[in-house]
Amino acid sequence: MSELLLILVFSSLASLTTSASDDYTGFVYAGCSQLKYTPDSPYQLNVESVLSSIANAATFSAYANYTSASAIASSPVYGLFQCRGDLSSSDCNSCVRFALSQLSAFCPFTTGAAVQLNGCFLRYGNDSFVGKPDTGVLRKICGPVAGGGGYNSDLLGMRDAALAGLASGFTGGSYRVGAAGSVQAMAQCVGDQSAKQCNDCVAAAAAQLKAACPFAVAGDAYLGKCYAKYWSSGVYHSDTNNHSDQVGKTLAIIIGLIAAVALIIIFAAFLRKVGNSGKD
């Protein structure tokens with residue numbers, strides 16, 4: 001996903017997701033291409049065709065990919081979506097439709113874009129990415145460190161065992177869950193990946209988790225074509241507040257600060273004016 005520019009200002013509001021009960025529409029990251037297409041152009045018709053197909057397919061499938069070149073054959077658009085393996089059909093449909101709304105909000109008229117939510121992922125673009133591996137790191141989130149100064153050999157051993165089970169492919173399929181002792185783990189590859197590509201991607205995600213979160217009780221790693229995560233004891237839960245509300249609160253705080261600064265500047269100018277009048 002190297003051609004997409006990640007919107008890290010929004011992904012900074014994301015938090016660890018450590019159980020199937022978490023909000024499946026919780027925001028993780030979004031990426032937009034730097035190039036934009038002309039509104040009402042043939043390329044837009046191809047984009048709309050792909051996204052419409054994705055919206056329709058999400059009502060009965062957890063994964064699908066599409067190509068549209070009906071409006072302009074020289075500029076085809078590729079797209080796919082993926083729902084988390086434990087979601088019901090109705091939740092998958094709701095997640096994908098919410099992700100589609102986020103695409104239009106974050107990446108209007110961009111030639112390519114991607115959105116990752118807790119429960120689903122979708123992407124479209126003019127590059128033929130379907131079926132190709134991608135282990136580029138897009139997002140890493142680490143939980144708090146374990147007790148006892150951060151180093152807990154038992155916890156680390158269980159974490160490594162749980163992640164190794166996911167990477168080995170023994171749990172089968174693109175959606176994988178596992179556990180070792182008190183540590184639970186989960187991984188999923190995009191449905192266009194072969195078994196070997198999935199194993200390699202999950203292994204790369206596990207390596208990123210161990211390197212970035214060496215002593216953490218939980219961690220998430222999102223790569224181009226897969227993600228992996230782990231948590232211990234089932235007690236570390238994510239903040240499931242809606243990210244749009246958080247963005248609104250953040251903007252309100254920023255606007256309030258700007259207004260306060262403006263008032264201070266105006267008041268200071270008034271005092272200077274009064275002082276100068278007194279001198280006259």
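Going by the structure above, here's the rest.
Sequence order as written defines residue numbering, which begins from 1 separately in each chain. Local features in this predicted model are restricted to residues of pLDDT 70 or higher, and side-chain atom pairs are both shown and tallied only at a pLDDT of 80 or more, whereas totals for entire chains, interfaces and linings draw on every residue. Only hydrogens and water are set aside when side-chain values are computed; all heavy atoms of the structure are taken into account.

A. A look at the state of the cysteines. We call a pair of cysteine sulfur atoms a disulfide whenever their separation is within 2.5 Å. This structure, assessed with the given rule, holds six disulfides. Here Cys95 pairs with Cys120 through a disulfide, and the sulfurs are 2.2 Å apart. The sign of the -90° torsion about the S-S bond sets the Cys95-Cys120 disulfide as left-handed. Separated by 25 residues along the polypeptide, Cys95 in helix α3 (residues 89-106) and Cys120 in strand β6 (residues 120-125) bring together distant segments of the chain. With a 1.4 Å probe rolled over the protein chains alone, any residue whose accessible area is under 20% of its type maximum counts as buried; one over 50% counts as exposed, and the rest are partly exposed. Looking at Cys120, the relative accessible area reads 2%, which means it is buried. Between Cys189 and Cys198 runs a disulfide, and the two sulfur atoms are separated by 2.0 Å. The sign of the 90° torsion about the S-S bond sets the Cys189-Cys198 disulfide as right-handed. A relative accessible area of 3% places Cys198 in the buried class. Each disulfide of the protein chain joins two cysteines, and with those cysteines numbered along the sequence the arrangement is 1-5, 2-3, 4-6, 7-11, 8-9, 10-12. The numbering of helices and of strands both runs from the N terminus, where a helix is a DSSP run of H or I of at least 4 residues and a strand a run of E of at least 2.

B. Spotlight on the side chain of Gln193. Relative to the elements of secondary structure, Gln193 occurs in the loop between β9 (183-189) and α5 (195-212). Using a relative accessible area of 12% as the deciding quantity, one classes Gln193 as buried. Side-chain atoms alone can form a polar contact between residues adjacent in sequence; in general such a contact is a pair of N or O atoms within 3.5 Å, and within protein one must be able to donate a hydrogen while the other accepts it. At 3.3 Å, the side chain of Gln193 and the side chain of Asp192 are in polar contact. Pairs of residues are marked as contacts when any of their non-hydrogen atoms sit within 4.5 Å. Discounting residues that sit within four places of it in the chain, Gln193 has contacts with Gly131, Lys132, Pro133, Asp134, Cys198 and Lys225.

C. Molecular detail of the sheet that holds strand β8 (residues 175-180). With antiparallel pairing, five strands are arranged side by side in an open sheet as β7-β10-β11-β9-β8. Edge positions in the sheet fall to β7 (137-142) and β8, since each of these pairs with one other strand and no more. Taking the axes of each pair of neighbouring strands and ignoring which way they run, one obtains an average angle of 10° across the sheet. In this sheet, strand β10 (residues 218-223) lies alongside β7 in antiparallel orientation, the contact comprising five bridges. Directly across from Arg139, in β10, lies its bridge partner Tyr222. Strands pair, by our definition, only if DSSP identifies at least two bridges between them. The axes are straight lines fitted to the C-alpha atoms, using for helices just the contacting stretch, and the angles between their N-to-C directions are given from 0 to 180°.

D. Inspection of the pairing of strand β4 (residues 77-83) at higher detail. Burial of β4 is extensive: seven of the seven residues sit out of reach of the surface. Taking every second residue as pointing to the same face, both faces of β4 are buried, with Val77, Gly79, Phe81 and Cys83 on one and Tyr78, Leu80 and Gln82 on the other. As paired strands, strand β3 (residues 63-68) and β4 are joined by six bridges and run antiparallel to one another. By the bridge assignment for β4, Asn65 is matched with Leu80. Relative to β6, β4 is paired through six bridges, and the arrangement is antiparallel. Its bridge partner being in β6, Phe81 is matched across the sheet by Leu122.

E. Quick peek at the environment of Cys189. By the element assignment, Cys189 lies in strand β9. Overall, Cys189 belongs to the buried group, its relative accessible area being 1%. Sequence separation of Cys189 and Gly224 is 35 residues, and the distance between their C-alpha atoms is 9.3 Å. Aside from chain neighbours lying at most four places away, what touches Cys189 is Gln82, Ser174, Cys198, Val202, Lys225 and Cys226.

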